[in-house]
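Examining the three-dimensional arrangement
One-letter residues, chain by chain:
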There are 2 protein chains.
Amino acid sequence: MSETNHRYSAHVEPSFTPKNVIKSLSIDNLIFGLDHGKLDILLVKHKVGLSKGQWALPGGFIRHDENLRDAASRHLHELTGVTDLYLEQLKTFGRVDRFPSERVITVAYYALVSAEDYKLVAGNNASDACWFGIHELPELIFDHKEIVDFGIQHLQQQVRRRPIGFNLLPEKFTLLQLQELYEGILDTKLDKPNFRRKIMKMNLLTSCEEKQTGVAHRAAKLYRFDEQAYQALTEKGFSFEI
Amino acid sequence: MSETNHRYSAHVEPSFTPKNVIKSLSIDNLIFGLDHGKLDILLVKHKVGLSKGQWALPGGFIRHDENLRDAASRHLHELTGVTDLYLEQLKTFGRVDRFPSERVITVAYYALVSAEDYKLVAGNNASDACWFGIHELPELIFDHKEIVDFGIQHLQQQVRRRPIGFNLLPEKFTLLQLQELYEGILDTKLDKPNFRRKIMKMNLLTSCEEKQTGVAHRAAKLYRFDEQAYQALTEKGFSFEI
DNA sequence: TCAAAAGTGTTTGTTATACACCCATGT
DNA sequence: ACATGGGTGTATAACAAACACTTTTGA
């Protein structure tokens, strides 16, 4: 893990730049997680370099023989151990003065990490990787705050149009968990009966024929997201709207 | 104009690469225009280099002291003479093998060119710049076809959610022109009465208190898009949906 | 007077919203 | 028994879709 941070920090001090990577171009990952209905972002703390001690988005350089998404994936994997994520390009940030001393343009990717993986990341031996609530972010390096702000806005838009939010939940979830997820991301309150109906009418959830356990109230049914049904519907021009 | 093409073609043969630009990173512009309800794209023909004689998106390299959008803007201006456009980042394309012989990643921007500017471009002395209907595109260089396909899809999504389509029309336009624009982009037929009502209810159009002239039927009222009303509405959380 | 597009009205079915209500379960 | 969330029902209003209709104008 320290190797990863070394590699990233390298990107602050050119002398640390690993070989076989593209100059002037980096990757930064915006990783969202969900903690009890609160939206979090994963940050790392730089260990060396000019920006030592400062928080930043996890990222790094791109190898010459590596596709952009693969680079994003690799950096994410090296840091968190998580693979097979919903990982999408967000935007490329290239302000002339965004990086000190030399021109570096960064391609930002974003990912949504499920509740299980959320714990995995937190329990990782990368003691300098940490989740922060989006309303309690520390000072960030470079233009990373700008990337975060853009990403949150983007997520709020995307989550209304595509069922990507499910990636933030465990495999089996209740309808209330799903509702709280949407409330957390969109920062609003939703009407329970109406939300349930809207979701159920889409036929995107499969009942697990199971119920919650260990709760001090009537146990809710557990559902799982039906990827195939979604694929089938999108091919028919289906539009997902919350 | 030949200078522009020289500059762009440079991007094919590294030996032509101008000084003071970033290596391994280029800009490509996807420029949409409207011709009688038909959606067009602006292409240029390379005059020198490996890809001589082939059609490509107008683009080029980024100067070290130049922001990304400024670079996109500059290349567009140099080629078409058009300024002050709706010009947005589309996506960054970076497949390892997208460019022959060396690694070049490109940031794609897109713009919508109004009917007036459309003529301006066509009448320009850049004899190797030409509009093509999106269904009649020639073979394109590198991964430019991929960029075009992505851009068309993106435009179809964006145009439904934000009133960017107005950029493709002249300043004063009729409701039928607007409807034909949407039909052209979305590749569907829309119901006239319903379309009119939907648009008018948004209060985004100002009447010019003027009518069409020179038409062989009842003259339609001319409208203009009210930018201020749109700004005011978006701040209130207004959502534009066609 | 006819074609062509401008522009209005109305009917019908669907969907959104708000809110009242009953159900199940652990403490 | 009661608090807590699970889950259903329904009245109302807003909206979308389809389509019939009247108006204006140049040729």
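Along each chain, numbering runs from 1 in the same order as the chain's sequence is written. To read the labels, note that chains go from A and ligands from 1, taken in the order they are written. With the structure being a predicted model, the display of local features is reserved for residues of pLDDT at least 70 and the display and counting of side-chain atom pairs for 80 or more, all residues being used for whole-chain, interface and lining totals. Each side-chain value is derived from all of the structure's non-hydrogen atoms; neither hydrogens nor water enter the calculation.

Within an unreviewed UniProt entry, the label attached to chain A reads NUDIX hydrolase, and the organism entered is Gilvimarinus xylanilyticus.

1. So, the relation of the copies chain A and chain B
Superposing copies: least-squares fit, C-alpha atoms only, residues required to have pLDDT of at least 70 in both. Aligned on chain B, chain A shows an RMSD of 0.1 Å; the corresponding rotation is 180° and the shift along the axis is 0.0 Å. Look at the turn and shift together and you get a two-fold axis relating the two. The contact criterion used throughout is that any non-hydrogen atoms of two residues lie within 4.5 Å. The overlap is high: 100% of the interface residues of chain A also sit at the interface in chain B, so the same surface is used on both sides.

2. Some details on the protein's contact with DNA strand C
If a single non-hydrogen atom of a residue is within 4 Å of a molecule or strand, that residue counts as near it. Around DNA strand C there are 18 residues in total, and A:N194, A:V215, A:R218, B:K192 and B:P193 lie nearest to it. Considering DNA strand C, the proportion of its atoms within 4 Å of the protein that are sugar or phosphate atoms stands at 56%. Polar contact is defined as a pair of N or O atoms within 3.5 Å, subject to the rule that within protein one atom must be able to donate a hydrogen and the other to accept it, and that residues adjacent in sequence are counted only when both atoms are side-chain atoms. Side-chain polar atom of A:R218 to a base oxygen of DNA strand C: 2.9 Å apart, as the coordinates give it. For DNA strand C, a base nitrogen lies 3.3 Å from a polar atom in the side chain of B:R218.

3. Concerning the interface of chain A and chain B
Contact residues are listed per partner, giving 22 residues for chain A and 22 residues for chain B. Joining two parts hides part of their accessible area as seen by a 1.4 Å probe, and the buried area is that hidden amount summed over both. For the pair chain A and chain B, the summed buried surface comes to about 1,600 Å²; carbon and sulfur atoms form 56% of the total. A pairing counts as a salt bridge when a side-chain nitrogen of Lys or Arg comes within 4 Å of a carboxyl oxygen of Asp or Glu. At the junction of chain A with chain B, the criterion picks out two salt bridges. One salt bridge in this structure joins A:E241 and B:R161, with 3.9 Å as the shortest N-O distance.

4. A look at the domain arrangement of chain A
Often, the extent of an interface is quoted as the loss of accessible area upon association of its parts. Residue and element names in this part refer to chain A. Each domain's limits were defined by an automated method or a database of domain assignments. The domain architecture assigned to chain A consists of domain 1 (3-159) and domain 2 (168-235). The interface of domain 1 with domain 2 comprises 13 residues on the first partner and ten residues on the second. Summed over both partners, the interface of domain 1 with domain 2 comes to about 1,000 Å²; 70% of that surface belongs to carbon and sulfur atoms. When the buried surface of domain 1 facing domain 2 is broken down by residue, L34, Q156 and V159 rank first, second and third, together holding 45% of it. Scanning the region where domain 1 abuts domain 2 turns up zero salt bridges. For the side of domain 1 that touches domain 2, the elements supplying multiple residues, two or more each, are strand 1 (21-35), helix 3 (115-122) and helix 4 (144-161). When residues are grouped by polarity, Ala, Val, Leu, Ile, Met, Phe, Trp, Tyr, Cys and Pro land in nonpolar, Asp, Glu, Lys and Arg in charged, and all others, Gly among them, in polar. A class-by-class count of the residues in the side of domain 1 that touches domain 2 yields eight nonpolar, four polar and one charged. Secondary structure elements are defined from DSSP: runs of H or I of at least 4 residues count as helices, runs of E of at least 2 residues count as strands, and each element is numbered from the N terminus.

5. Some points on the protein's contact with DNA strand D
Surrounding DNA strand D, one finds 20 residues, the nearest of these being A:K192, A:P193, A:H217, B:P193 and B:R218. A breakdown of the atoms of DNA strand D within 4 Å of the protein gives sugar and phosphate a share of 52%. Measuring from a phosphate oxygen of DNA strand D, one finds a backbone N or O atom of A:K221 at 3.2 Å. If you list the elements that add at least two residues to the surface near DNA strand D, you get helix 6 (192-201) of chain A together with helix 6 (192-201) of chain B. Taken together, the residues that form the surface near DNA strand D break down as seven nonpolar, three polar and ten charged.

6. What to know about the packing of helix 5 (residues 175-186) of chain B against helix 6 of chain B
Residue and element names in this part refer to chain B. To obtain an axis, a line is fitted to C-alpha atoms, over the contacting stretch when the element is a helix, and the angle between two such axes runs from 0 to 180 degrees between their N-to-C directions. Two numbers describe how helix 5 lies on helix 6: the axes approach to 10 Å, and their chain directions differ by 100°. Accordingly, the angle class assigned to the pair helix 5 and helix 6 is roughly perpendicular. Residue-level contacts link L175, L178, Q179 and Y182 of helix 5 to K192, F195, R196, I199 and M200 of helix 6. By the definition adopted for this analysis, an angle is roughly parallel if under 35 degrees, roughly antiparallel if over 145, roughly perpendicular if from 65 to 115, and oblique otherwise.

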